[in-house]
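Chains, contacts and geometry: an overview
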Amino acid sequence: MPRATSQKFARVHEPSAAALKSKGEAVGNRNPLFNTERFGQHILKNPGVARDIVDKANLRPTDRVLEVGPGTGNLTVLILEKAKQVTAIEMDPRMAAELSKRVQGTPEQRKLNIMIGDFVKADLPYFDVCISNTPYQISSPIIFRLLSHRPLFRVAILMFQREFAMRLVAQPGSSLWSRLSANVQLYAAVDHIRKVDKANFRPAPEVDSSVVRVVPKDPPPPVKFEEFDGLTRILFTRRNKTVHANFQAKGVYKMLEQNWKTWCAETGQMVEDGVDFKQRVDSLLEETGYAENRAAKMTVDDLLKLLSAFHDIGVHFA
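Overview of the structure. (Residues numbered from 1 in each chain as written. Predicted model: local features only at pLDDT ≥ 70, side-chain atom pairs only at ≥ 80, totals over all residues. Heavy atoms only, no water.)

For the chain, the count of helices and strands is 13 helices and nine strands. In the chain, which comprises 318 residues, the proportion classed as buried is 48%. Partitioning the intrachain contacts of the chain with sequence separation of at least 6 by distance along the chain shows that 70% fall at a separation of at least 24. For the chain, the accessible area works out to roughly 15800 Å², and carbon and sulfur atoms hold 50% of it. (Helix = DSSP H or I, 4+ residues; strand = E, 2+ residues; numbered from the N terminus. Buried < 20%, exposed > 50% of the residue type's maximum accessible area, 1.4 Å probe, protein only. Contact = heavy atoms within 4.5 Å. Areas by Shrake-Rupley, 256 points an atom, 1.4 Å probe, with all protein chains shown as cover.)

A few words now on the packing of helix 11 (residues 252-267) against helix 12 (residues 277-288). Here helix 11 crosses helix 12 at 95°, and the two axes come no closer than 10 Å. In terms of axis orientation, helix 11 runs roughly perpendicular to helix 12. Residues Tyr 253, Leu 256, Glu 257 and Trp 260 of helix 11 pack against Phe 277, Lys 278, Arg 280, Val 281 and Asp 282 of helix 12. Class assignment for the residues of the contact of helix 11 with helix 12 results in five nonpolar, no polar and four charged. (Axes fitted to C-alpha atoms, helices over the stretch in contact; angles between N-to-C directions. Parallel < 35°, antiparallel > 145°, perpendicular 65-115°, else oblique. Nonpolar A, V, L, I, M, F, W, Y, C, P; charged D, E, K, R; others polar.)

With that settled, the discussion passes to the packing of aromatic side chains. Within the structure shown, the criterion is met by eight aromatic pairs. Ring geometry for Tyr 187 against Phe 225: centres 6.3 Å apart, planes inclined by 45°, an arrangement best described as tilted. With Tyr 187 in helix 8 (residues 179-187) and Phe 225 in helix 9 (residues 225-235), the pair connects residues that are 38 residues apart, well separated along the chain. Judged by relative accessible area, Tyr 187 falls into the buried class, the value being 11%. Taking the relative accessible area as the measure of exposure, Phe 225 reaches 25% and is therefore partly exposed. Judged by centre distance (5.4 Å) and plane angle (20°), the rings of Phe 247 and Phe 310 are stacked. Of this pair, Phe 247 sits in helix 10 (residues 243-247) while Phe 310 sits in helix 13 (residues 300-312); the two residues are 63 residues apart in sequence, bridging distant segments of the chain. (Phe/Tyr/Trp six-rings, centres within 6.5 Å; stacked < 30°, edge-to-face > 60°.)

Shown next as structure tokens:
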């Protein structure tokens, strides 16, 4: 099986059930075959939930599907029933071997390609749909890696810890609206599909999960992510403070002035002596009407308009 990375994992000794019991550990909360805790994985054991997740993808017979963190393949075997081809990226070589054995000798074996390694570092193949019971520690990296992938996929059905998922679908003015919400919704429409109780996993996580649908905007907005992220990083540091107050935070004016001077040098613009850069930024905030706004209530369109106004005077955030 091809490897997504060259990283190797040493075999870790797993204590017996008797040893765990003698230490007072709940055997039912651990996976007796695989060290799932090591990779932040929780195996979905409810076949009804698994079927519902796959059904929500509306797979076509011609679809090539990317699955991240397949584990032992409870979702994979259902995807293989409907898709043309599945590429599954798995960190744990033992789980990858278990998945390979699960389809060995079946018609689905030829439709499955398993990559062992780190999804964040892997060279991704072409895919139409992504389905993932996402390992907790790569929740943020997976969403941004997918949204930056080209060519664009049609849809992603992703399961995350519930709080993370609800931040993805949060709306301006809600308590969960955040930099993450704005950055993701800049490039995609995200909606909540269903809640999944923690009892549906082995080992059971400490919190419930939720499944979201992510549909990339096509074409994507003509803005560099680094620029938009640079602006939201400033504004959401204190989401309930005014825009003007956040720009007054230590180092912000200095950083933006340096970026402005770099832009002037690259575009052949003269940098006038004695320019009051702070006044220039403050004036722009007043003129745009955003000075007294708060990030907690600003929409993606508001953020884009503010970013565009800064670009008009040569001020950049990355």
